[in-house]
Amino acid sequence: EMIIRECEDDSIVEYAHNIQDASRTLLALVNDILDFSKIESGMLEVVEEAYSLKAMLRALEKECRMRAEDKGLNFQFVVPEDTPNVLLGDEVRVRQVLLNILTNAIKYTMKGSVTMTLSYEKKNNKESA
């Protein structure tokens, strides 16, 4: 990250971007392997707690927008204004699933855009997204 921010040599910055991308991929693989191990052993715990959907989506959008723009792609989140802000669930797992979907969409989209559209419906007098 420091090399990318401070270095003025384009070839070194490109190498640093490649290292950064490879590091993110490796981290994702390690985390996926750990999750599969937890699932197989029955040790994966789903933590149900209230979390801010909008805060999570803002962070995802920021991270994914940079990746998309680096590839020359347009990136868009479509979230209805009346979407509830607080949800009950496992924020870490929800974020992980959304991040995997979005990064794969960006990775395999060669040109054009990637758009994530969120919708929700009320169930049993409760809102769920």
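Remember, it's a predicted structure, so these values are computed and weren't measured experimentally. (Residues numbered from 1 in each chain as written. Predicted model: local features only at pLDDT ≥ 70, side-chain atom pairs only at ≥ 80, totals over all residues. Heavy atoms only, no water.)

A.B. asks: I'm lost on the pattern of salt bridges in this one. Help?
C.D. replies: Here the idea is simple: oppositely charged side chains can pair when their charged atoms come close. Inspection of every chain in the model, using the stated rule, returns 3 salt bridges. For Arg95, the salt bridge identified is with Glu63, shortest N-O distance 3.1 Å. Taken as a pair, Arg95 in helix α4 (residues 91–108) and Glu63 in helix α3 (residues 53–70) lie far apart in primary sequence, 32 residues in all. The network of salt bridges with common partners includes Glu63, Arg67 and Arg95. (Salt bridge = Lys/Arg side-chain N within 4 Å of Asp/Glu carboxyl O. Helix = DSSP H or I, 4+ residues; strand = E, 2+ residues; numbered from the N terminus.)

A.B. asks: Whenever I open this one, the environment of Ala59 confuses me. Can you help?
C.D. replies: By secondary structure assignment, the location of Ala59 is in helix α3. Overall, the relative accessible area of 37% leaves Ala59 in the partly exposed class. Through-space distance from the C-alpha of Ala59 to that of Ser113 is 19 Å; in sequence the pair is 54 residues apart. (Buried < 20%, exposed > 50% of the residue type's maximum accessible area, 1.4 Å probe, protein only.)

A.B. asks: In this structure, what is going on with the environment of Glu61? I would like to understand it.
C.D. replies: Structurally, Glu61 can be placed in helix α3. Expressed as a C-alpha distance, the spacing of Glu61 and Val30, which sit 31 residues apart in the sequence, is 23 Å. In contact with Glu61, not counting residues within four places along its chain, are Phe75 and Phe77. (Contact = heavy atoms within 4.5 Å.)

A.B. asks: Quick question: what am I supposed to make of α4 here?
C.D. replies: Each α-helix winds once per 3.6 residues, and so residues spaced three or four apart point in a common direction. The end-to-end C-alpha distance of α4 is 26 Å, a good match for the 26 Å that 18 residues give at a rise of 1.5 Å each. Those residues of α4 that fall on the buried side of the exposure criterion are Leu98, Leu99, Leu102, Thr103 and Ile106. The buried residues of α4 occupy one face: seen down the axis, they fall within an arc of 130°. Of the residues in α4, the exposed ones pointing more than 90 degrees away from the buried face are Ile101 and Tyr108. (Expected span 1.5 Å × (residues − 1). Arc of directions from axis to C-beta.)

A.B. asks: Which parts of the structure should I look at to understand a nonpolar patch on the surface?
C.D. replies: On the surface, Ile3, Ile12 and Tyr15 cluster together into a nonpolar patch covering about 310 Å² of accessible area. By the secondary structure assignment, Ile3 is in helix α1 (residues 2–6). With relative accessibility at 46%, the residue Ile3 sits in the partly exposed group. (Patch = residues over 30% accessible without salt bridge, like charges linked within 9 Å, V, L, I, M, F, W, Y side chains within 5 Å. Areas by Shrake-Rupley, 256 points an atom, 1.4 Å probe, with all protein chains shown as cover.)

A.B. asks: Looking at this structure, I do not really get the environment of Asp21. What am I missing?
C.D. replies: Position of Asp21 among the secondary structure elements: in helix α2 (residues 10–41). Residues Asp21 and Arg67, spaced 46 residues apart in sequence, show a C-alpha to C-alpha distance of 9.5 Å.

A.B. asks: How do you make sense of the packing of aromatic side chains when you look at a structure like this?
C.D. replies: Both the distance between ring centres and the angle between the ring planes are used here to describe each pair of aromatic rings. Evaluation of the coordinates by the stated rule reveals 1 aromatic pair. Aromatic pair Phe75 and Phe77: ring centres 5.5 Å apart, planes at 45°, arrangement tilted. Overall, Phe75 belongs to the buried group, its relative accessible area being 6%. What makes Phe77 buried here is its relative accessible area of 13%. (Phe/Tyr/Trp six-rings, centres within 6.5 Å; stacked < 30°, edge-to-face > 60°.)

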